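These are the residues of each chain, in order.
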Amino acid sequence: MTRDPPVKLRKSPRQARARATCEAVQEAAARILQRGGVAAVSTNAVAELAGVSIGSLYQYYPGKEAILAELVRAMRAEMLEDLRRAARACEGQHITRAIHLLLAASLEHHRADPARAAAIEEAERHLPLDAETQALKAEIAAMVIAVLRAHDVPEPELAARDLAAMTNAMADAACLAGERDVDAILPRLERAARGYLGV
């Protein structure tokens, strides 16, 4: 039985210099990932592009998987914060406005740099982050369920699961097809969600 590669930092960077090293490593990894995909990312290539020694890299990262996992975690943290803001903004809004706010927030991390976001999402598929992924999905589901319940949607748990499956599949298909224009994808997701909810 093969073991999954480690995806946690060896230690957290505490001092400003250490944080700068880790930021440089992650930025270099993101650039390599965007240019050549997961296969192109190696600790040597990342250290070279980041301008840090391989020893400095290994102080914090046990391997390339840990570097990629940190990129995924950073993107997920941004997405969660966007969704939390949207969920708060949904209070007192009509259901169609709430749908728009939540879907727009779920795509916001693609808006600044769609190619980078797509590359990180592709890397995510190759990493053993199942427990973290389940925790993330549970938190997102709880937010969506609360919004649906506040708008008197019947069976909000089931509706939230169906809506997540439907919109995630549509967004993934758009990204895999090379679509990078969030403003073109969002109205399609909204139409699907409104159709499902009958609003």
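Computed from a prediction, not measured in an experiment: that's the story for all the values here.

Student: Sorry if this is basic, but what is going on with the overall build of the protein chain here?
Tutor: Check the secondary structure of the protein chain and you find nine helices and zero strands. In the protein chain, the succession of α and β elements from N to C terminus is α-α-α-α-α-α-α-α-α. Of the roughly 10,900 Å² of accessible surface on the protein chain, a fraction of 52% belongs to carbon and sulfur atoms. On the protein chain, the mean spot of the 26 positive side-chain charges and the mean spot of the 27 negative ones are 5 Å from each other.

Student: It is not clear to me how the packing of helix α1 (residues 16–36) against helix α4 (residues 64–89) should be interpreted in this structure. Could you clarify?
Tutor: Geometrically, a packed helix pair is captured by the angle between its two axes and the distance between the axes. For the pair α1 and α4, interaxial distance at closest approach is 10 Å and the crossing angle is 90°. If you check the angle between α1 and α4, you find them roughly perpendicular. Contact residues: V25, Q26, A29, A30 and L33 in α1; I67, L68, E70 and L71 in α4. Of the residues contributing to the contact of α1 with α4, the split by class is seven nonpolar, one polar and one charged.

Student: Is there a simple way to think about the side chain of H110 in this case?
Tutor: Topologically, H110 is positioned in helix α5 (residues 95–111). On the accessibility criterion, H110 (6% relative accessible area) is buried. Within the structure, H110 has its side chain in polar contact with the side chain of E121 (distance 3.1 Å).

Student: Can you help me understand the UniProt feature "domain: HTH tetR-type" (unreviewed entry) in the protein chain in this one?
Tutor: Here, the residues flagged by UniProt with the feature "domain: HTH tetR-type" (unreviewed entry) are residues 19–79. Annotated as 80% helix and 0% strand, the span residues 19–79 places its first and last C-alpha atoms 22 Å apart.

Student: Would you explain the nonpolar core in this entry?
Tutor: For soluble globular proteins, the rule of thumb is that nonpolar side chains tend to be buried together. Residues L102, L107, L148 and L197 are the most contacted members of the largest nonpolar core, which totals 33 residues. Elements that contribute at least two residues to this core include exactly α4, α5, α7 (130–150), α8 (156–176) and α9 (182–197). Per-element tally for this core: the top contributor is α5, with nine residues. Grouped together as the second largest cluster of nonpolar side chains are 31 residues, V25, A28, I32 and A123 included.

Student: What am I meant to see in the packing of α1 against helix α2 (residues 43–50) here?
Tutor: Contact geometry for α1 and α2: axes closest at 8 Å, N-to-C directions at 115°. Our pair here, α1 against α2, has a crossing hand that is right-handed. Contacts between α1 and α2 involve A24, V25, A28, A29, R31, I32 and R35 from the first element and A45, V46, L49 and A50 from the second. A breakdown of the residues in the contact of α1 with α2 according to their chemical character gives nine nonpolar, no polar and two charged.

Student: What should I look at first to understand the environment of A30 in this one?
Tutor: Structurally, A30 can be placed in helix α1. On the basis of relative accessible area, A30 is assigned to the buried category, the value being 2%. For the pair A30 and A117, spaced 87 residues apart in the sequence, the C-alpha separation amounts to 9.4 Å. Contact partners of A30, with chain neighbours within four places excluded, come to L71 and R116.

Student: Teacher, can you tell me more about α1 here?
Tutor: Note on helix geometry: an α-helix contains 3.6 residues per turn, so any two residues three or four positions apart are oriented the same way. Along its 21 residues, α1 runs 30 Å from first to last C-alpha, staying within 8% of the 30 Å computed at 1.5 Å per residue. Those residues of α1 that fall on the buried side of the exposure criterion are A18, T21, C22, V25, Q26, A28, A29, A30, I32 and L33. Looking at the buried residues of α1, the elements they touch are α2, α3 (54–60), α4 and α6 (114–124). With its phi angle positive at about 80°, G37 sits one or two positions after the end of α1.

Rules and cut-offs
- Residues numbered from 1 in each chain as written.
- Predicted model: local features only at pLDDT ≥ 70, side-chain atom pairs only at ≥ 80, totals over all residues.
- Heavy atoms only, no water.
- Helix = DSSP H or I, 4+ residues; strand = E, 2+ residues; numbered from the N terminus.
- Areas by Shrake-Rupley, 256 points an atom, 1.4 Å probe, with all protein chains shown as cover.
- Lys, Arg positive; Asp, Glu negative; His and termini not counted.
- Charge placed at Lys NZ, Arg CZ, Asp CG, Glu CD.
- Axes fitted to C-alpha atoms, helices over the stretch in contact; angles between N-to-C directions.
- Parallel < 35°, antiparallel > 145°, perpendicular 65-115°, else oblique.
- Contact = heavy atoms within 4.5 Å.
- Nonpolar A, V, L, I, M, F, W, Y, C, P; charged D, E, K, R; others polar.
- Buried < 20%, exposed > 50% of the residue type's maximum accessible area, 1.4 Å probe, protein only.
- Polar contact = N/O pair within 3.5 Å; in protein donor to acceptor, adjacent residues only side chain to side chain.
- UniProt positions renumbered as here; feature names shortened; annotations may be inferred.
- Core = buried A, V, L, I, M, F, W, Y, C linked by side-chain atoms within 4.5 Å.
- Left-handed = near helix turned anticlockwise from the far one by under 90°.
- Expected span 1.5 Å × (residues − 1).

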